[in-house]
Amino acid sequence: MPVKILMVCLGNICRSPLAEGILASKLPNDKFTVDSAGTGSWHVGRGPDNRSIATAQKNGLNIANQKGRQFERSDFDTFDYVFVMDNSNYRDVIHLAQNETQKQKVQLILDAIFPGENVDVPDPYYGVSNGFDMVYEMLNEACDIIAQNLIAKHP
Ligand code: 4NP
């Protein structure tokens, strides 16, 4: 059984699709699967934001075929690790957890770089035009560490 990792943001069109593509590219795909979801439902069934697709493409990743979906309670059973992009996502996901085991699966993704500092990946949706590059750099750095940790933990 592969180890299952879920990336979560608000819309599942900007940050978590990038995080999914980046982490998947750093893990052997026979041992790990990576998916993403949004806490909101606005973009269910749609592909990622064109700016995320372009940023991924610039960095050699194709995320264009991902489909948006909403986080649901059953994801706590399906996935071993849930990485959220910001503190608001953290609250929304924890609110749906039904026990301590489920809560313990949830971590802020930038804790990999700034442990215990509660740092958010800023939502680039309405932000400045290089916001997507900044998000990519943060996620890439965090995913390097996360991938190393996962590979060490699940040899
Ligand atoms: P994301 O960004 O959470 O990184 O996918 C957003 C995209 C769209 C919306 C919110 C956040 N929205 O409200 O439509």
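Keep in mind that this is a model prediction, so the values were computed, not measured. (Residues numbered from 1 in each chain as written. Predicted model: local features only at pLDDT ≥ 70, side-chain atom pairs only at ≥ 80, totals over all residues. Heavy atoms only, no water.)

### Comments concerning helix 6 (residues 131-153)
Rule in force here: Secondary structure follows DSSP: runs of H or I at least 4 residues long count as helices, runs of E at least 2 residues long count as strands, and numbering of each begins at the N terminus. By this rule, a helix spans an expected 1.5 Å times one less than how many residues it contains. Each residue is placed in one exposure class: buried if its accessible area under a 1.4 Å probe, protein chains only, is under 20% of its type's maximum, exposed if it is over 50%, and partly exposed if it falls in between. Throughout, a residue-residue contact means that at least one pair of heavy atoms, one from each residue, lies within 4.5 Å.
Taking 1.5 Å per residue as the helical rise, helix 6 with its 23 residues ought to reach 33 Å, and the 32 Å between its terminal C-alpha atoms agrees with that figure. By the burial criterion, the buried members of helix 6 are G131, F132, V135, Y136, L139, N140, A142, C143, I146, A147 and L150. Turning to helix 6, the residues buried within the fold contact strand 1 (3-9), helix 1 (15-26), strand 2 (32-38), helix 2 (50-58) and strand 3 (81-84).

### Focus: the site of the ligand
The test is simple: Residues are labelled near a given molecule or strand when at least one of their non-hydrogen atoms is within 4 Å of it. Polar contact is the term for a pair of N or O atoms within 3.5 Å; when the atoms are in protein, one must be able to donate a hydrogen and the other to accept it, and sequence-neighboring residues count only if both atoms are side-chain atoms. Three residue categories are used. Nonpolar comprises Ala, Val, Leu, Ile, Met, Phe, Trp, Tyr, Cys and Pro, charged comprises Asp, Glu, Lys and Arg, and polar comprises the others, including Gly.
Around the ligand, the neighbouring residues are C9, L10, G11, N12, I13, C14, R15, W42, H43, D123 and Y125. In this structure, R15 approaches the ligand through a side-chain N or O atom, which is 2.8 Å from an oxygen atom. D123 places a side-chain nitrogen or oxygen 3.0 Å from an oxygen atom of the ligand. For the shell around the ligand, the class distribution of residues is six nonpolar, three polar and two charged.

### Considering the confidence of the model for the protein
Our working rule: The pLDDT value expresses, per residue, how confident the predictor is, ranging between 0 and 100.
With 100% of its residues at a pLDDT of at least 70, the protein reaches an overall mean of 97. Ranking the elements of the protein by mean pLDDT puts helix 2 last, at 97, and strand 3 first, at 99.

### Quick word on the packing of aromatic side chains
The following threshold applies: Stacked, tilted and edge-to-face are the three classes applied to pairs of Phe, Tyr and Trp rings, where Trp contributes its six-membered ring and a pair requires centres within 6.5 Å; stacked means planes under 30 degrees apart, edge-to-face means over 60, and tilted covers the rest.
Taken as a whole, this structure holds three aromatic pairs when the rule is applied. Centroid distance F71 to F76: 5.2 Å. Interplanar angle 80 degrees. Geometry classified as edge-to-face. Each member of the pair, F71 as well as F76, is classed as buried. An angle of 10 degrees between the planes, with centres 6.5 Å apart, marks the rings of Y81 and F83 as stacked. When sorted by exposure, Y81 lands in the same class as F83, which is buried.

### Things to note about helix 1
The end-to-end C-alpha distance of helix 1, which contains twelve residues, comes to 17 Å, matching closely the 16 Å that a straight helix rising 1.5 Å per residue would cover. Taken across its twelve residues, helix 1 has nine buried, putting it largely inside the fold. Buried within helix 1 we find R15, S16, P17, L18, A19, E20, G21, I22 and L23.

### Re the packing of helix 1 against helix 6
The condition is simple: Every axis in this analysis is a line fitted to C-alpha atoms, fitted for helices over the stretch in contact. Angles between the N-to-C directions lie between 0 and 180 degrees. For classification purposes, angles smaller than 35 degrees are called roughly parallel, those larger than 145 roughly antiparallel, those between 65 and 115 roughly perpendicular, and all remaining angles oblique. By definition, any crossing whose near helix is turned counterclockwise from its far helix by less than a right angle is left-handed, and any crossing with a clockwise turn is right-handed.
The interhelical angle for the contact between helix 1 and helix 6, taken along N-to-C directions, is 40 degrees, at an axis separation of 9 Å. Considered as vectors, helix 1 and helix 6 are oriented oblique to each other. Relative to helix 6, helix 1 is oriented so that their crossing is right-handed. Only F132, V135, Y136, L139, N140, C143, D144, I146, A147, L150 and I151 of helix 6 make contact with helix 1, whose side of the interface consists of R15, L18, A19, I22, L23 and K26.

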